[in-house]
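The chain contents come next:
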Amino acid sequence: MRKQTEISHDIKQLHHDKALHFGFLLKKWSVSKTWTKYKQHGKVVKGKHSGRPRKTSKRQDRKLKAICLENRICTTKLMRNKWEETGVNVCDQTVRNHLKEMGFTYRKAKRKPLLTPKQRKTKLQWAKERQSWTVDDWMKVIFSDESQICIGQGDDVGTFVWCHSNEIYADICLKKMCKFPQSLMIWGCMSGKGTGEMAVITSSINAQVYIDILDTFLIPFIKRMFGDDEIIFQDNNASCHNVMSMSWPSNSPYLNPIENLWWKFKKMVHDKAPTCKADLATAIRERWSQIAEEYRLSLIKSMPQRLQAVIKARGGATKY
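First, a word on scope: everything that follows refers to the structure included in this document. (Residues numbered from 1 in each chain as written. Predicted model: local features only at pLDDT ≥ 70, side-chain atom pairs only at ≥ 80, totals over all residues. Heavy atoms only, no water.)

### Brief notes about the pattern of salt bridges
Then comes step 1: In total, this model carries 10 salt bridges according to the counting rule given.
Then comes step 2: When the shortest N-O distance is used, the salt bridge between arginine 120 and aspartate 171 registers 2.9 Å. With arginine 120 in helix H5 (residues 117-129) and aspartate 171 in the loop between strand S4 (160-163) and strand S5 (174-176), this residue pair connects regions lying 51 residues apart in the sequence.
Then comes step 3: What makes aspartate 171 partly exposed here is its relative accessible area of 42%.
Then comes step 4: Taken together, the salt bridges that share partners define one network made up of Arg54, Asp61 and Glu101. (Salt bridge = Lys/Arg side-chain N within 4 Å of Asp/Glu carboxyl O. Helix = DSSP H or I, 4+ residues; strand = E, 2+ residues; numbered from the N terminus. Buried < 20%, exposed > 50% of the residue type's maximum accessible area, 1.4 Å probe, protein only.)

Next comes the structure, spelled out in structure tokens:
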């Protein structure tokens, strides 16, 4: 007598073989049907699909696209109202679905400085003059900048716009921004060899205060890190005595990698949740010493890519 387990195994095997055979016949039938359609029509004709027919025509869809391109910050409701003036009767969700099909995404507008045509031209020329610089060349540059840091997270409110993925940094899709005074002014510098000492400034910055900052923080950093080696000082066109400075295109803060460092650094300071200026100053000095070397080096090594992005954008906004 055969065992029950052996009989069960044979039954499972039989079902498996039948399934394979059925699958083979189904594939054979599908190929045969496709080939027959091709011989009849000279191409493979797709069959009609079930479901509710589309409520709008291609012409009406093009009108919706024109409405969106006319005003990138227009809400779905406003676009629907304008679209309905052309005879379309749809809901807000249909508007969103159609825009998504066209490749649009509703996202927060990137904040970038407003550049004049002259500033764009100067920025482009500046990038072209240095596009042959290597990472080693940029390692010799000391990047510096001052910034304002506030107690709390600051203004994180953004504007959402409709744009394609390749339009994120187009002028029409950006939220233009300017710097505004906040709680404390700070100054710092960084290079391929490290970061200088952080300066927390309690007064307004004038020419004499800036010179004092350089004498107190920059010069000792250069002597400690570079000795007699040749360096270039980047300082957003501010004057500096006894140090070779790099010319810098105006209104181009985000070309400077230290701006990216500020963003990360301020998040680190906000994590300390300071509640007064004294606590804020303490958090600033503590967090500045905790900037990761790997992150700092990655910013400097990105300079060749930053210049290529500026050239590609013809002096306009980039992702950096």
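So much for the structure itself; the text now carries on.
### Brief notes about H5
Then comes step 1: For H5, with 13 residues, the first-to-last C-alpha span of 19 Å sits near the 18 Å given by 1.5 Å per residue.
Then comes step 2: Every buried residue belonging to H5 is among Gln119, Lys123, Leu124, Trp126 and Ala127, and all of these are buried. One face of H5 carries all of its buried residues, which in axial projection span an arc of 160°. Exposed residues on H5 whose side chains face more than 90 degrees from its buried face are Pro117, Lys118 and Lys121.
Then comes step 3: Elements that come into contact with the buried residues of H5 comprise helix H6 (135-139), strand S10 (245-246) and helix H11 (303-312). (Expected span 1.5 Å × (residues − 1). Arc of directions from axis to C-beta. Contact = heavy atoms within 4.5 Å.)

### Looking at the packing of helix H2 (residues 58-70) against helix H3 (residues 76-84)
Then comes step 1: Two elements in contact, H2 and H3, have axes separated by 10 Å at closest approach and are oriented at 135°. Taken together, H2 and H3 sit at an angle that is classed as oblique. As H2 packs across H3, the resulting crossing turns out to be right-handed. Note on element contacts: H3 touches H2 through Met79, Lys82 and Trp83, opposite Gln60, Asp61, Lys63, Leu64, Ile67 and Cys68.
Then comes step 2: Residues that form the contact of H2 with H3 fall into these classes: five nonpolar, one polar and three charged. (Axes fitted to C-alpha atoms, helices over the stretch in contact; angles between N-to-C directions. Parallel < 35°, antiparallel > 145°, perpendicular 65-115°, else oblique. Left-handed = near helix turned anticlockwise from the far one by under 90°. Nonpolar A, V, L, I, M, F, W, Y, C, P; charged D, E, K, R; others polar.)

Function-wise, these values are silent; they only describe arrangement.
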